[in-house]
Amino acid sequence: QRLKERAEQMQHSIEAEIVETVSKVTPADDSLSADLEELLVQLKFLKDEALVNLAQNNFPKRDASKIEALYYKRQSEGLDETETEKLTELMRKFNQWFVLRNEAINLLLQEALM
């Protein structure tokens, strides 16, 4: 809810606000995991219908809400070790979703331009 309000206040989409929040809590290491690299390679072999489904897939609201709550808790009072691990895992999941979704969109756009 807070992300939605902040997005409206800043005149951003909710997705843009999530990306901004993610960038603040994600380590600076931009390298992709071997698993994610392999998934990106496999996307090239999917049919258009599967790519469209992936491109239209939203990040689970429950996970986005957990990220938001943990982010605000981290800002206000700090996180314990378990909460930090949970936030790290959720951010890894978000990053994977974000990269795969954007690559699916990119592949669809490339096909449309050919």
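Summary of the structure given here. (Residues numbered from 1 in each chain as written. Predicted model: local features only at pLDDT ≥ 70, side-chain atom pairs only at ≥ 80, totals over all residues. Heavy atoms only, no water.)

Focus: helix α3 (residues 34–43)
Part 1 of the argument: Every buried residue of α3 is listed here: L36, L40 and L43. For α3, the angular spread of the buried residues around the axis is 55 degrees, confining them to a single face. Summarising the geometry of α3, the exposed residues directed more than 90 degrees from the buried face are A34 and D35. (Buried < 20%, exposed > 50% of the residue type's maximum accessible area, 1.4 Å probe, protein only. Helix = DSSP H or I, 4+ residues; strand = E, 2+ residues; numbered from the N terminus. Arc of directions from axis to C-beta.)

A few points about the packing of aromatic side chains
Part 1 of the argument: Enumeration over the complete set of coordinates arrives at six aromatic pairs.
Part 2 of the argument: For the ring pair F59 and F94, a centre distance of 5.0 Å and an interplane angle of 85 degrees mean the geometry is edge-to-face. Separated by 35 residues along the polypeptide, F59 in the loop between α4 (48–56) and α5 (61–76) and F94 in helix α6 (residues 81–113) bring together distant segments of the chain. In this structure, F59 and F94 share a single accessibility class: buried.
Part 3 of the argument: Aromatic side chains Y71 and Y72 sit 5.5 Å apart centroid to centroid with 75 degrees between the ring planes, which places their arrangement in the edge-to-face category. (Phe/Tyr/Trp six-rings, centres within 6.5 Å; stacked < 30°, edge-to-face > 60°.)

With respect to the side chain of D63
Part 1 of the argument: Inspection of the secondary structure assignment puts D63 in helix α5.
Part 2 of the argument: Assessed through its relative accessible area of 8%, D63 is described here as buried.

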